[in-house]
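# Observations on the three-dimensional arrangement
The primary structure of each chain is shown beneath.
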Amino acid sequence: MRYFFFYILISSTAYSQISAVTENGDEVFLYDDNTWIYKNDNLSNKSLSSISYPIYNYDKNSTFLVKSSTINMGVYIDPKKWSFNKSLSSEYEYEFELKNEELFAMMINEKIEMPLENLKELAFDNFSFAADDARIVNQEFRSVNDLLILMLHMEGKIEGLSVFYYGYYFSSDKGTTQFVTYTTTNLFDAYKSEIEKFLNGLINF
């Protein structure tokens with residue numbers, strides 16, 4: 001099943017954004033997908049203590065740490081539920097699979113730093129390139145194991161299959177991580193709880 005899907009790739013390409021001013025005088029960036037963000041809201045540098053985000057921590061059953069060899073990022077997984085392999089491809093570092101199920105994940109780690117607002121734009125543009133009718137279903141900033149994370153839920157059609165990418169995106173001066181789960185859209189509700197527990201294992205070490 002996983003081979004029906006295209007992988008999100010990191011690129012150093014800078015995507016254009018439009019600067020604008022609101023009626024209250026606040027400067028904002030406008031994006032092609034009709035979303036916006038405050039110009040001074042540099043999310044990759046913001047202290048978690050300065051604003052309130054939903055707080056998540058890894059599950060007590062997630063006891064095995066899978067470490068990146070590229071940057072100081074990793075994920076605690078439940079080894080009874082999840083299997084993983086280190087990829088031979090340069091496109092992503094690890095692939096994961098929920099055992100005996102149809103839920104998959106990948107982790108892409110790069111040494112480049114990218115503001116989260118640009119990372120979101122890049123992830124959606126790459127997904128749009130692979131998927132017809134691509135759309136962002138939900139997005140949210142979260143505190144995950146003391147990291148400021150962008151959660152992005154995207155859906156579209158790839159080779160006639162309705163699929164979703166639901167993942168965490170993180171960047172700092174040490175590098176950038178895309179940690180994404182995926183399968184067909186009809187299975188999202190059934191796997192939602194397992195997806196959340198799995199993604200919440202993402203840590204900096």
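As the structure is a computational prediction, the values presented were derived from the model and not from experiment. (Residues numbered from 1 in each chain as written. Predicted model: local features only at pLDDT ≥ 70, side-chain atom pairs only at ≥ 80, totals over all residues. Heavy atoms only, no water.)

### What to know about the overall build of the protein chain
Secondary structure assignment for the protein chain yields 2 helices and 14 strands. Residues counted as buried form 47% of the 205 residues belonging to the protein chain. Sequence separation of 24 or more characterises 56% of the internal contacts of the protein chain that already satisfy a separation of 6 or more. Summing over all exposed atoms, the protein chain offers an accessible surface of approximately 10500 Å²; the carbon and sulfur share of this is 48%. (Helix = DSSP H or I, 4+ residues; strand = E, 2+ residues; numbered from the N terminus. Buried < 20%, exposed > 50% of the residue type's maximum accessible area, 1.4 Å probe, protein only. Contact = heavy atoms within 4.5 Å. Areas by Shrake-Rupley, 256 points an atom, 1.4 Å probe, with all protein chains shown as cover.)

### A word on helix α1 (residues 116-130)
Here α1 spans 21 Å end to end across 15 residues, near enough to the 21 Å set by a 1.5 Å rise per residue. Within α1 the residues assigned to the buried category are L116, E117, L119, K120, E121, L122, A123, F124 and F127. (Expected span 1.5 Å × (residues − 1).)

### Here's the deal with the nonpolar core
Of all hydrophobic cores here, the largest spans 27 residues; its most connected members are F96, F179, I195 and F198. Listed by contribution, the elements that provide at least two residues to this core are β6 (73-77), β8 (94-98), β9 (104-110), β11 (147-158), β12 (161-172) and α2 (188-199). Apart from the residues within four sequence positions on either side, I195 is in contact with L103, F164, Y166, T181 and F188. Among the nonpolar cores identified, the runner-up in size contains 23 residues, and M114, A123, Y165 and Y169 belong to it. (Core = buried A, V, L, I, M, F, W, Y, C linked by side-chain atoms within 4.5 Å.)

### Some details on the sheet that holds β9
The strand order across the open sheet formed by 8 strands is β4-β10-β11-β12-β13-β9-β8-β7, and the pairing between neighbours is mixed. What marks the edges here is a single partner per strand, and that holds for β4 (55-56) and β7 (82-86). Both β4 and strand β10 (residues 132-144) contribute to a ladder of 2 bridges, which runs parallel. Bridge pairing links Y56 to V144 in β10. Each of β10, β11, β12 and β13 (175-184) is contacted by α1, which is oriented at about 15 degrees to β11, the strand it contacts most. (Pairing = 2+ DSSP bridges. Axes fitted to C-alpha atoms, helices over the stretch in contact; angles between N-to-C directions.)

### Section: the pairing of β9
Burial within β9 is extensive, with 6 of its 7 residues counted as buried. Examined bridge by bridge, β8 and β9 share 4 bridges and lie antiparallel to one another. By the bridge assignment for β9, E95 is matched with M106. What sits between β8 and β9 in their antiparallel hairpin is a turn of 5 residues, with N100 showing a positive phi close to 60 degrees. Here 7 bridges tie β9 to β13, and the two strands are oriented antiparallel to one another.

### Some points on α2
Compared with an ideal rise of 1.5 Å per residue, which puts 12 residues at 16 Å, α2 spans 14 Å between its outermost C-alpha atoms and falls more than 12% short. Residues F188, Y191, E194, I195, E196, F198 and L199 constitute the buried set of α2.

### Concerning the pattern of salt bridges
Taken as a whole and assessed by the stated rule, the structure comprises 6 salt bridges. R135 is paired through a salt bridge with E155; the nearest N and O atoms lie 2.9 Å apart. Here E155 lies in strand β11 and R135 lies in strand β10, a separation of 20 residues in the sequence. For R142, the salt bridge identified is with E140, shortest N-O distance 2.6 Å. (Salt bridge = Lys/Arg side-chain N within 4 Å of Asp/Glu carboxyl O.)

### Considering the confidence of the model for the protein chain
Summary statistics for the protein chain give a mean pLDDT of 84 and a share of 75% for residues scoring 70 or more. Low confidence marks residues 6-17, where pLDDT is under 50. Its contacts with residues over four positions away, or in another chain, come to 43 contacts. (pLDDT = per-residue confidence, 0-100.)

### Focus: the side chain of E194
Note on placement: E194 falls in helix α2. In this structure E194 comes out as buried when scored by relative accessible area, which is 15%. If sequence neighbours within four positions are ignored, E194 has contacts with K81, W82 and L98.

### Remarks on the packing of aromatic side chains
Summed over the entire model, instances satisfying the criterion amount to 14 aromatic pairs. With 5.9 Å between their ring centres and 70 degrees between their planes, F96 and F179 make a pair best called edge-to-face. Residue F96 is located in strand β8, and its partner F179 is located in strand β13; the two are separated by 83 residues in the primary sequence. The pair F96 / F179 is uniform in exposure class, with both members buried. (Phe/Tyr/Trp six-rings, centres within 6.5 Å; stacked < 30°, edge-to-face > 60°.)

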